[in-house]
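Spelled out, the chains give:
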2 protein chains.
Amino acid sequence: MQPTADEVALLAANAAFYRAFAERDLRAMDRLWAHAPEVACIHPGWIPCNGRREVMQSWAEILANPESPRIRCIRPQAVFYGPIGLVVCFEAIERNYLIATNLFAMEEGAWKLVHHHAGALAAAPPEPAEAANEASGRLH
Amino acid sequence: MQPTADEVALLAANAAFYRAFAERDLRAMDRLWAHAPEVACIHPGWIPCNGRREVMQSWAEILANPESPRIRCIRPQAVFYGPIGLVVCFEAIERNYLIATNLFAMEEGAWKLVHHHAGALAAAPPEPAEAANEASGRLH
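Basis of the calculations
- Here the residue numbers are simple positions, counted from 1 along each chain's written sequence.
- For naming, the first written chain is A and the first written ligand is 1, with later ones following in the order written.
- Reporting in this predicted model follows two pLDDT cut-offs: at least 70 for local features of residues, and 80 or more for side-chain atom pairs to be given and counted; totals over whole chains, interfaces and linings ignore these cut-offs and use all residues.
- With hydrogens and water excluded, all non-hydrogen atoms of the structure serve as input to the side-chain values.
- Centres within 6.5 Å make a pair out of two Phe, Tyr or Trp rings, where for Trp the six-membered ring is used; the pair is then stacked when the planes are under 30 degrees apart, edge-to-face when over 60, and tilted otherwise.
- Every helix listed is a DSSP run of H or I at least four residues long, and every strand listed is a run of E at least two residues long, numbered separately from the N terminus.
- Think of it in three bands: with a 1.4 Å probe and only protein chains considered, a residue is buried below 20% of the maximum accessible area for its type, exposed above 50%, and partly exposed in between.
- Superposing the copies works by least squares over the C-alpha atoms of residues that have pLDDT at least 70 in both of them.
- Contact criterion: two residues are considered in contact whenever any of their non-hydrogen atoms come within 4.5 Å of each other.
- Lines fitted to C-alpha atoms define the axes here, with helix axes fitted over just the stretch in contact, and angles between the N-to-C directions of these axes take values from 0 to 180 degrees.
- Throughout this description, any angle smaller than 35 degrees is read as roughly parallel, any larger than 145 degrees as roughly antiparallel, any in the 65 to 115 degree range as roughly perpendicular, and the remainder as oblique.
- Take the number of residues in a helix, subtract one, and multiply by 1.5 Å to get its expected span.

## What about the packing of aromatic side chains?
This structure, assessed with the given rule, holds 10 aromatic pairs over all chains. Measuring from ring centre to ring centre gives 4.8 Å for F21(A) and W59(A), while their planes differ by 80 degrees; the resulting arrangement is edge-to-face. With F21(A) in helix 1 (residues 5-22) and W59(A) in helix 3 (residues 51-64), the pair connects residues that are 38 residues apart, well separated along the chain. The same class applies to F21(A) and to W59(A), which are both buried. With a centroid separation of 4.7 Å and an interplanar angle of 70 degrees, the aromatic rings of F17(B) and Y18(B) are classed as edge-to-face. Residue F17(B) shares its accessibility class with Y18(B), and that shared class is buried. Within the aromatic cluster, the residues linked to one another by ring pairs are F17(A), Y18(A), F21(A) and W59(A).

This is the structure we're talking about:
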């Protein structure tokens, strides 16, 4: 199925987020976050960073760290709830995998992050062909 | 600051979710999830459950398990993005702590879950008095 124009724009914003992260580009990261007062960011294992100042402070520290691992976004899925765009995707960091919930709102005509929540996965995500049968078997 | 009526209603829906979870009440859990086709649920460490059938199947398995631990919701914070309500809260399971992103949409006049993402915290959440100074120090 062809993505809609809205999906293309939302997924492009999500891709720009992971590009800024991988390239340790704090200015690009700053442009990608909304100026809404209640933005929040939950890095893996952290308590939430609340508000733009705390969120950007966390990114400044992460992106300034030369040891911070390269990250790749895998299989992003976009959905819309009214004016909100939600992207769920896997994050690959070397051989570890995380899962992310990324919430975007429109600000000045562009999708901007208002909420990011990433957490570890217990195992590598299944290949797409396996995924359909995977979820219902997790507790068996 | 007094919560608004919207915040009271949203936090009541969030509390009902954790009550259904703690009491292993699958019927209540079912009533709390939206019928929107794209609902998703990310249990800690799991790949996402996508769509209502998979989401409810996961809850049926979790709530049927007599060994499933009791859960408590701690310090929920509500924000609104247009017609979407977002609650971020800590989850306490015995002596372990998680952090959750819960996204609600209005359906037939009530807040219903469209997205739940829970993941482990590396440490217990700080007491409220400590929280204001905590986030900026996480990477030091």
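There is more to say after this.
## Some thoughts on the relation of the copies chain B and chain A
It takes a turn of 180 degrees to lay chain B on chain A, together with a shift of 0.0 Å along the axis; the resulting RMSD is 0.0 Å. In short, the pair behaves as if placed about a two-fold rotation axis. In terms of C-alpha distance to the rotation axis, chain B has G119(B) as its closest residue, with the C-alpha 2.7 Å off the axis. Looking at the interface residues of chain B, 100% of them are also at the interface in chain A, so both copies use one shared face.

## Thoughts on the packing of helix 1 of chain A against helix 3 of chain A
Residue and element names in this part refer to chain A. Where helix 1 meets helix 3, the closest approach of the two axes is 9 Å, and the angle between their N-to-C directions is 50 degrees. Taken as axis vectors, helix 1 and helix 3 run oblique relative to one another. On helix 3, the residues that touch F17, A20 and F21 of helix 1 are W59, I62 and L63.

## Some points on helix 3 (residues 51-64) of chain B
In an α-helix, one turn spans 3.6 residues; hence positions three or four apart end up facing the same way. Residue and element names in this part refer to chain B. Between the first and last C-alpha of helix 3 there are 20 Å, a value that for 14 residues agrees with the 20 Å anticipated at 1.5 Å per step. In terms of residue burial, helix 3 counts as a mostly covered element, since 10 of its 14 residues are buried. All buried positions along helix 3 are accounted for by G51, R52, E54, V55, M56, S58, W59, E61, I62 and L63.

Read these as geometric descriptors, not functional statements.
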